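Remarks on the overall topology
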Amino acid sequence: MVKQVYNRVALLQVPVTESKLMNLKTARDYVKRAYDAGAKLTVLPEIWNSPYATSAFADYAEMLPNVGDQLMEEVPSNDGEISEVGDDVADNGWGPSSRLLMTLAKQYNMYIVGGSIPEQCDNKIYNTCLIINPDGEVVGKHRKVHLFDVDVPGGICFKESETLTAGDSLTYFDVEGLARVGVGICYDIRFPELAMVLTQNYNCKILIYPGAFNLTTGPAHWELLQRARAVDGQCYVLTASPARTSPSNDDGNDETDVDGTKKKYPHYSAWGHSTVVSPWGEVVATCDEKPALVVTDLDMRKVEEMRMAIPTTRQKRNDLYRLVDG
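First, a word on scope: everything that follows refers to the structure included in this document.

Conventions we followed
Residues numbered from 1 in each chain as written. Predicted model: local features only at pLDDT ≥ 70, side-chain atom pairs only at ≥ 80, totals over all residues. Heavy atoms only, no water. Salt bridge = Lys/Arg side-chain N within 4 Å of Asp/Glu carboxyl O. Buried < 20%, exposed > 50% of the residue type's maximum accessible area, 1.4 Å probe, protein only. Core = buried A, V, L, I, M, F, W, Y, C linked by side-chain atoms within 4.5 Å. Contact = heavy atoms within 4.5 Å. Axes fitted to C-alpha atoms, helices over the stretch in contact; angles between N-to-C directions. Helix = DSSP H or I, 4+ residues; strand = E, 2+ residues; numbered from the N terminus. Parallel < 35°, antiparallel > 145°, perpendicular 65-115°, else oblique. Left-handed = near helix turned anticlockwise from the far one by under 90°. Nonpolar A, V, L, I, M, F, W, Y, C, P; charged D, E, K, R; others polar. Polar contact = N/O pair within 3.5 Å; in protein donor to acceptor, adjacent residues only side chain to side chain. Pairing = 2+ DSSP bridges. Expected span 1.5 Å × (residues − 1). Phe/Tyr/Trp six-rings, centres within 6.5 Å; stacked < 30°, edge-to-face > 60°. Lys NZ or Arg CZ within 6 Å of the ring centre and 35° of its normal.

Examining the pattern of salt bridges
One pass over the structure, following the stated rule, counts 16 salt bridges. A salt bridge links Arg-28 to Asp-29; the nearest nitrogen and oxygen atoms lie 3.5 Å apart. Arg-28 gets classed as buried once you look at its relative accessible area, which sits at 18%.

A look at the nonpolar core
If you look at the biggest cluster of nonpolar residues, it comprises 45 residues, and the most contacted ones within it are Ile-206 and Leu-238. Setting aside residues no more than four positions away along its own chain, Leu-238 makes contact with Val-9, Leu-11, Ile-206, Leu-207, Ile-208, Tyr-209, Thr-275, Val-276 and Leu-298. Core analysis: the second largest hydrophobic core is formed by 27 residues, Trp-48, Leu-104, Tyr-108 and Val-138 among them.

Side note on the packing of helix 1 (residues 20-36) against helix 3 (residues 96-107)
When two helices pack together, their arrangement is given by the angle between the helix axes and the distance between those axes. Interaxial distance between helix 1 and helix 3 falls to 11 Å at its minimum, and their mutual angle equals 15°. Put simply, helix 1 runs roughly parallel to helix 3. At the point where helix 1 passes helix 3, the crossing takes the right-handed sense. Every residue of helix 3 that contacts helix 1 at Lys-20, Leu-24, Ala-27, Arg-28 and Val-31 is listed here: Pro-96, Ser-97, Leu-100 and Leu-104. Taken together, the residues of the contact of helix 1 with helix 3 break down into six nonpolar, one polar and two charged.

Thoughts on unusual backbone geometry
Residues other than glycine seldom take positive phi values, yet Asp-122 does so here, at roughly 50°. Not every positive phi belongs to a glycine, and His-273 is a case in point at roughly 60°. You can see His-273 is positioned in the loop between strand 12 (236-240) and strand 13 (275-277).

Some points on the side chain of Thr-54
Locating Thr-54 in the fold gives a position in helix 2 (residues 54-60). Within the structure, the side chain of Thr-54 is placed 3.3 Å from the side chain of Glu-162, a separation counted as a polar contact. Not counting residues within four places of it along the chain, the set of residues in contact with Thr-54 comprises Phe-158, Lys-159, Glu-160, Glu-162 and Thr-163.

Describing the pairing of strand 5 (residues 124-132)
With respect to burial, strand 5 is a largely interior element, eight of its nine residues being buried. Of the pairings in the sheet, the one linking strand 3 (residues 111-113) to strand 5 comprises two bridges and is antiparallel in character. Residue pairing for strand 5: Val-113 is matched across the bridge by Ile-131. Taken together, strand 4 (residues 117-121) and the strand that follows it, strand 5, pair antiparallel across an intervening segment of two residues, in which Asp-122 is found at a positive phi of about 50°.

Digging into the environment of Leu-238
With respect to the secondary-structure elements, Leu-238 resides in strand 12. Taking the relative accessible area as the measure of exposure, Leu-238 reaches 0% and is therefore buried. Each C-alpha atom, one on Leu-238 and one on Val-183, is 9.6 Å from the other, the two residues being 55 residues apart in sequence.

Structural notes on helix 5 (residues 217-233)
Taking 1.5 Å per residue, 17 residues should reach 24 Å; helix 5 reaches 22 Å between its end C-alpha atoms and fits that length. Elements that come into contact with the buried residues of helix 5 comprise helix 4 (192-201), strand 11 (206-210), strand 12, strand 13 and helix 6 (301-309). At the exit of helix 5 stands Gln-234, carrying a positive phi of roughly 50°.

Observations regarding the sheet that holds strand 12
Read from one edge to the other, the open sheet built from six strands follows the order 9-10-11-12-13-14, with strand pairing classed as mixed. Of all strands in the sheet, those bounded by a partner on one side alone are strand 9 (172-175) and strand 14 (283-285). Sheet twist, expressed as the mean angle between neighbouring strand axes with direction ignored, is 25°. Where strand 11 meets strand 12, five bridges bridge the pair, whose relative direction is parallel. Bridging from a neighbouring strand, Tyr-209 pairs with Thr-239 of strand 12.

Quick notes on the packing of aromatic side chains
Across all of its chains, the model carries twelve aromatic pairs by this definition. A connected cluster of aromatic rings, assembled from ring pairs, spans Tyr-52, Phe-57, Phe-148, Phe-158, Tyr-187, Phe-191 and Tyr-268. We note Arg-33 situated over the ring of Tyr-30; from NZ or CZ to the ring centre the distance is 4.7 Å.

Quick word on the pairing of strand 9
By the alternation rule, side chains of strand 9 split into Phe-173 and Val-175, which are all buried, and Tyr-172 and Asp-174, of which none is buried. Here strand 9 pairs with strand 10 (residues 179-183) via four bridges, running antiparallel. Looking across to strand 10, one finds that Asp-174 is bridged to Arg-180. In textbook terms, the turn of a hairpin is the stretch between consecutive antiparallel strands, and for strand 9 and strand 10 this stretch comprises three residues, one of which, Gly-177, has a positive phi near 80°.

See below:
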């Protein structure tokens, strides 16, 4: 029997294909690996069930459960079949990606921060992260609040707002025995105000950002932003990225996916480098761009040590500026 460690986290840097079924199986396998490594909190990357392309989001979007929802049927065995169709098992309309996350969280008795998947709701599509507790219950639902609309000359042009709608709320949840955790998605990390509200107004001691930075912004800003948010918030920062995949398959053909089917969507190269940063701004665990499982134990005493040694929250000049939310 695997012994899970209450403060052990796992970042799942999974490869993503155009096959949703293959992506679901990959996620299942990596969550099992995280469990075998003793993790109690597991983080998937942004858009792990779908290609990261605005033209793909509608095709891969699913109806998702809300906070407080959980599965009613028995959890299947580890060898249970995965289907791309969710409605064949229950009449709630939830898609297979969320059902898989809820099943695995309960099966492996762990918290799962489910990266993000395209969510279909009221004729809108959101970039949404589900947080599931060890009972298989949804305890958090974050819709990306800052959409990735950029045009870097000579670099990348991407407009999430072509298909996505921004969320309008903050998200945090409590991990029993560990800490309160705040959640953002990718581009949200560029906004220190969001992180400051979560750490100062809601006392989050861990911030988690599933993300998919690219080969332009990744090498320049990915680690920099994580370390900045960690030092600003005097907290741990965890990020999980998809693994980088090649525009061409093993045969050198960039027209077909890894499973041999013809590609439908433009290729997106993720930066990778899923990372854990300490409250001191140190990188304590990371990887390169290839598929990886990043596992580390968080020493939460370092959060309190940092906040006591450099007590910036008690040194604010509220006569000059003020942090508010809502």
